[in-house]
Structures are given as structure tokens and as C-alpha cells.
Amino acid sequence: MKNYTKEDIIKLVEDEDVEFIRLQFTDMFGNMKNVAITASQLEKALDNKCMFDGSSIEGFVRIEESDMYLYPDYNTFQIFPWRPQQGKVARLICDVYRPNGEPFEGDPRYILKRAVKEAEKLGYRFEVGPECEFFLFHTDENGLPTTLTHEQAGYFDLGPVDFGENARRDMVLTLEEMNFVIEASHHEVAPAQHEIDFKYDEAMKTADNIMTFKLAVKTIAKRHGLHATFMPKPKHGINGSGMHINMSLSKNGKNIFADASDDFGLSKEAYYFIGGIMKHMKGMAAITNPLINSYKRLVPGYEAPVYIAWSATNRSPLIRIPASRGEGTRVELRCPDPSANPYLALAVCLRAGLDGIQNKIMPPESVSRNIFAMSEEEREMEKIEAIPGTLIEAVHELEKDEFIQEVLGEHIYEKYIKAKKAEWAEYSSQVTDWEIEAYLNKY
Ligand SMILES: Nc1ncnc2c1ncn2[C@@H]1O[C@H](COP(=O)(O)OP(=O)(O)OP(=O)(O)O)[C@@H](O)[C@H]1O
Ligand SMILES: N[C@@H](CCC(=O)O)C(=O)O
Ligand SMILES: [Mg+2]
Ligand SMILES: [Mg+2]
């Protein structure tokens, strides 16, 4: 792992002919923000002296307390391969601090840092590998995104039916230039839908990687005249885009989820971790699936989960245990989608899992049958509950889960709930195309 000093960064900027440095951070809703400085201001930035107006950022602070400082994380230094290669552009991901030198509790990166510290207290390192899916659509004559595509390719198809192969190739090569380890890339099930998988890493690195991944994919798509969207369900009637989260805990460099003596090859900690996630899933949903549109993906028939259950054998439940054992032993959570704020999503997943371990929460029996093929009565008999069906249901579940509220901290929790309720109220008062089609003629 890199361990850059201030001097290393100054030297890198000089040697690499870097002219601009973007100081980046992420708002509460997972949107990347940045301010650019020139190399002349680098030392000041590295000394944590760059200030910005926090009141202009969604979910941050009121105007009366708006000064915020950016503390760059030196190890996130990265040159953007898609910007000019003379007078290059680099970025540093920053933590947000208050003027009194305290970390700002509205900074999602701080929330994940705090969760990771809880794991470290128990001697655990949290490793995460995401599977980000996205669509590539046409843009209109103004360069604005549409949901149009002429592509008809499906799962694992290749060119010439796969119209996205050249864009995907460029994305993979660009990400590799940025030190991502790309494990696989392929066309997904829906027309114009794609997936690029990168290697798992420690949680903070992975959350930073997810942010960088989305920026790189969108930027390269634009170069190909396409719009890349991580919206969870851009089209009715076909698969939506998920961001499965693969998770494991290691202690002294060894995966602790594996136990060869168990029937499923899983350790007690793995079972408890699953138990904790299942216990808090309803309360976490507003974070892992943050949009009104997220819940249009979580419906039967499109490989996305609907019910809170786990399985070592099939893909219909919320949690799957992939076949790989040893260092590859992991828990795959299948409900998150790529619109989630990765820092907050990983923080709630980790803390829910740790809650399971600390309180020895044993999950129910695994389900080997296809849950979608069960009747409602059968599901009730097996006590299989559903993930919240709408954003407002998820918000109400979060209001009931004090543990998840504490993970988010008061600042984010309160602002988040307020914003999501407003989003729901606005949506609920819309008259949609569906309503016009269903009711206008009939009534
Ligand atoms: N021990 C581990 N801890 C966390 N993540 C891991 C671990 N081992 C592998 N991974 C990550 O899990 C992800 C696996 O992605 P992959 O696409 O193979 O999963 P999959 O669920 O089998 O695929 P799909 O759901 O598309 O059928 C990768 O990001 C990989 O790096
Ligand atoms: N696109 C599916 C997942 C497909 C897969 O298993 O890779 C989802 O919404 O989760
Ligand atoms: Mg997939
Ligand atoms: Mg998967």
C-alpha cells in the first residue's frame, strides 16, 4: 500500500508536470464534489488550509456555520488519464473538518472511518468488493442523456451485437491506468447494460474506488458519445442495475469467515455477520437503496432480491454465499444499488455485521428453494420478510432502527430523513404517464 508523505506529493506533482489538483469529497447523497487548485497552492492544501463554503453543499451545514476545511488524504493522489497529459490534472480525496479542527460529522467519509475503527477495535479488517452495473444510453442533440439504445445484446454477448464493447474496453484500460485491478467485464442481461468488476480491498479504499469508478465510467462513456447511468431502474420491464457488495472480515491477514469443519464451510463469525445484516436490513435499506427509483428494481423477475433471506446455493435471496472458500470466503449482499453513497452504505453494512458478531445473532436457516416460487403462506410459515417496498417505507424503518441511526450519527440521520421525506412528498404529488394511461380514458 502507498504511504505518501507531503514531500512525496510535492515531488510527484513536479515530476509528473501536474498543473491542477482537484480536492474532492462526497456529499450526503453520494455526489462527488471538488474544487481545483493550481500547483502553486499545493503546499497550502497539503497543510489542510484549503477552505470552502459548506452551506452550498447538500446535507452539510447552515449558512451561519459554513466554513469547512479540506484535509487531503495523501494516499489518494491520482492523475486523471483522460485530462491533458501536459499540465496534468490530479486529484486528492479529502476529509472534511470544522474550523476548530474536529472532523465534520456530516462528511460520509468520516462516518465510514468511524465504523472501520469499531472493526479495528475487535482486530478486524473489513474487505469489500462491489459489482457495479450500469447502462450506456444515447445522448440527444444537446448532449443530454436519454434512455434510448439500439442495442439488443444480452448476458455475456459480444460484438458486433454488443455495441458497448469499445467504450467498455476504454473504461477498463483507463481504470487499470488508475491502478484498479479489473477482474472481469462483460455485457449484462439487459440491452445496453454492462458490468465491470474490480478487486476487493479494505472498505475505505473500496468506497473511494467506487466514487472514482463512477467518474471514470461516465467520463469515458461521454468520449464515446454515450451516457453512462448508475440509476437503479432506468427502464420498466428489463433488469435494473445493482451493486452487489461482497464482504469479508480478516484478522492478522487471514479471512475469518471460512471454517472447513462446518457444513457450509462458514465460521461462527460469518453466520453472526449474516444474522446482523438480516436484523438491520429494513433499517439500512434507505441507505443501500436511497432513491424512489431504487425500489422499482427490487421487484420479482429481474434477478434483484425482494425477501430477507440467505442462501449458499441459489441467487434469489438477499444474501448469497458464493462457492469460493478459503481467502475468497465472503458474504454477498445483493440489494444495494450503485446510486447508494458508498461510504454510508459500507458503514451500515459493517456495523450491522459487527452487531451480529458482538451479540451472537444467529441467522435463520438458509433457504435453498427459489423464494419467488413460494406462496405468501409458505413465506409466512418460514418467517421470510420482505425488504421495504418503497422509499418511504424504508425511511420509516430507519426511524425505527436506533442502531443504524447511531451509525449514521445525528447530523446525517436527521438531514437524510428530512431530505428523503421531501423527495417522497414531491414524487407522490406527481401525475405520472402510467396514471394517465391507466385512468384518463377509463374514468
Ligand atoms: N474475500 C473477499 N472479500 C470481499 N470481496 C471479495 C473477496 N473475494 C473476492 N471478492 C470480490 O467479490 C467480487 C466478486 O465478483 P463476481 O462478479 O465474481 O461475483 P458474482 O456474485 O459471482 O457475480 P454475479 O453476481 O454477477 O453472478 C469481486 O469484486 C471480488 O474482488
Ligand atoms: N442486475 C441484477 C443482478 C444480476 C447479476 O446477478 O449479476 C440486479 O439488479 O441485481
Ligand atoms: Mg451482474
Ligand atoms: Mg454478484
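Residues numbered from 1 in each chain as written. Chains lettered and ligands numbered in written order. Predicted model: local features only at pLDDT ≥ 70, side-chain atom pairs only at ≥ 80, totals over all residues. Heavy atoms only, no water.

Topic: the site of ligand 2
Here is step 1 of the chain: Residues in close proximity to ligand 2 include Glu-133, Glu-188, Glu-195, Asn-239, Gly-240, Gly-242, His-244, Arg-297, Tyr-302, Glu-303, Ala-304 and Arg-334, which together make up its full environment.
Here is step 2 of the chain: Within the contact set of ligand 2, a nitrogen atom lies 2.7 Å away from a side-chain nitrogen or oxygen of Glu-133.
Here is step 3 of the chain: Interatomic distance of 2.7 Å between a side-chain N/O atom of Arg-297 and an oxygen atom of ligand 2.
Here is step 4 of the chain: When isolated, ligand 2 has an accessible area of 300 Å², and the protein chains bury 95% of it. (Near = heavy atom within 4 Å. Polar contact = N/O pair within 3.5 Å; in protein donor to acceptor, adjacent residues only side chain to side chain. Areas by Shrake-Rupley, 256 points an atom, 1.4 Å probe, with all protein chains shown as cover.)

Quick look at the coordination of the magnesium ion (ligand 3)
Here is step 1 of the chain: Donor atoms from the polypeptide that bind the magnesium ion (ligand 3) are Glu-133 (OE), Glu-188 (OE) and Glu-195 (OE), placed at 1.9 to 2.2 Å.
Here is step 2 of the chain: Donor residues for the magnesium ion (ligand 3) sit on one chain with the sequence pattern E-x54-E-x6-E.
Here is step 3 of the chain: In this structure, the magnesium ion (ligand 3) is positioned 5.5 Å from the magnesium ion (ligand 4). Summarising the burial analysis for this pair, Glu-188 and Glu-195 share the class buried. (Donors = N, O, S within 2.8 Å, 3.2 Å for Na, K, Ca; no water. Buried < 20%, exposed > 50% of the residue type's maximum accessible area, 1.4 Å probe, protein only.)

Observations concerning the confidence of the model for the protein chain
Caution applies to low-pLDDT parts of the model: their predicted coordinates are not meant to be read in detail.
Here is step 1 of the chain: Counting all residues, the mean pLDDT for the protein chain is 95, and 99% of those residues have values of 70 or more.
Here is step 2 of the chain: Predicted as a complex, the structure gets a pTM of 0.97 and an ipTM equal to 0.97. (pLDDT = per-residue confidence, 0-100.)

Re the site of ligand 1
Here is step 1 of the chain: By nearness alone, 21 residues border ligand 1, and Glu-183, Ser-248, Arg-315, Arg-320 and Glu-332 come closest of all.
Here is step 2 of the chain: At a separation of 2.9 Å, an oxygen atom of ligand 1 approaches a polar side-chain atom of Glu-131.
Here is step 3 of the chain: Arg-330 is positioned such that a nitrogen or oxygen atom in its side chain is 3.4 Å from an oxygen atom of ligand 1.
Here is step 4 of the chain: In the complex, 84% of the free accessible area of ligand 1, which totals 660 Å², lies under the protein chains.
Here is step 5 of the chain: Mapped by element, the contributors of at least two residues to the shell around ligand 1 are β7 (125-138), β9 (193-198) and β12 (243-251).
Here is step 6 of the chain: When the residues that make up the shell around ligand 1 are grouped by side-chain class, the tally is three nonpolar, six polar and 12 charged. (Helix = DSSP H or I, 4+ residues; strand = E, 2+ residues; numbered from the N terminus. Nonpolar A, V, L, I, M, F, W, Y, C, P; charged D, E, K, R; others polar.)

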